[in-house]
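Working through the structure, step by step
Listed below, chain by chain, are the residues.
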Amino acid sequence: MLADWPGLSTSALHQGRDLAPTLDLDALIAVTAAETFGFDPEETMRTLFAGGRFDPAISDIVRK
């Protein structure tokens, strides 16, 4: 798990039914693309998602 786990209680679920988002999906997509194709993750984040913030905590997510 790459984020804080809020749990499965009804109060922790999004709209009382779905798992709450715990990770920025844009950052995950950018880091995965960068690591897959050998690009710089920060530049990939800026290129794909203008204004998005690179999160170094999710680096090295792709197994080699």
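Look a little higher up for the structure.
Read on for an overview of the structure. (Residues numbered from 1 in each chain as written. Predicted model: local features only at pLDDT ≥ 70, side-chain atom pairs only at ≥ 80, totals over all residues. Heavy atoms only, no water.)

Here's the deal with helix 1 (residues 25-37)
- Given a rise of 1.5 Å per residue, 13 residues ought to cover 18 Å, and the 18 Å separating the end C-alpha atoms of helix 1 matches this to within 8%.
- Within the span of helix 1, buried status applies to Ala-27, Ala-30, Val-31, Ala-34 and Glu-35. Along the axis of helix 1, the buried residues cluster in a sector spanning 120 degrees; they form a single face. Facing away from the buried side of helix 1 by more than 90 degrees, the exposed set consists of Leu-25 and Phe-37.
- Those residues of helix 1 that are buried lie in contact with helix 2 (41-48).
- Between a side-chain oxygen at the N-terminus of helix 1 and the backbone nitrogen of Asp-26 the separation is 3.3 Å; the capping residue is Asp-24.
- After helix 1 finishes, the residue Gly-38 shows a positive phi value of roughly 75 degrees. (Helix = DSSP H or I, 4+ residues; strand = E, 2+ residues; numbered from the N terminus. Expected span 1.5 Å × (residues − 1). Buried < 20%, exposed > 50% of the residue type's maximum accessible area, 1.4 Å probe, protein only. Arc of directions from axis to C-beta. Contact = heavy atoms within 4.5 Å. Polar contact = N/O pair within 3.5 Å; in protein donor to acceptor, adjacent residues only side chain to side chain.)

Remarks on unusual backbone geometry
- The phi dihedral of Gln-15 falls on the positive side, at around 55 degrees, and the residue is not glycine.
- Along the polypeptide, Gln-15 turns up in the segment before helix 1.
- A relative accessible area of 57% means that Gln-15 is categorised as exposed.
- Although it is not a glycine, Asp-60 adopts a positive phi angle of roughly 60 degrees.
- Summarising the element assignment, Asp-60 is placed in the segment after helix 2.
- In this structure Asp-60 comes out as exposed when scored by relative accessible area, which is 64%.

A closer look at the packing of helix 1 against helix 2
- It is the contact of helix 1 with helix 2, at a shortest axis distance of 8 Å, that shows an interaxial angle of 125 degrees. Considering their axes alone, helix 1 and helix 2 lie oblique with respect to each other. Judged by the sense of rotation from one axis to the other, the crossing of helix 1 with helix 2 is right-handed. For the pair helix 1 and helix 2, contact is made by Asp-26, Ala-27, Ala-30, Ala-33 and Ala-34 and by Pro-41, Thr-44, Met-45 and Leu-48, respectively.
- Taken together, the residues of the contact of helix 1 with helix 2 sort by class into seven nonpolar, one polar and one charged. (Axes fitted to C-alpha atoms, helices over the stretch in contact; angles between N-to-C directions. Parallel < 35°, antiparallel > 145°, perpendicular 65-115°, else oblique. Left-handed = near helix turned anticlockwise from the far one by under 90°. Nonpolar A, V, L, I, M, F, W, Y, C, P; charged D, E, K, R; others polar.)

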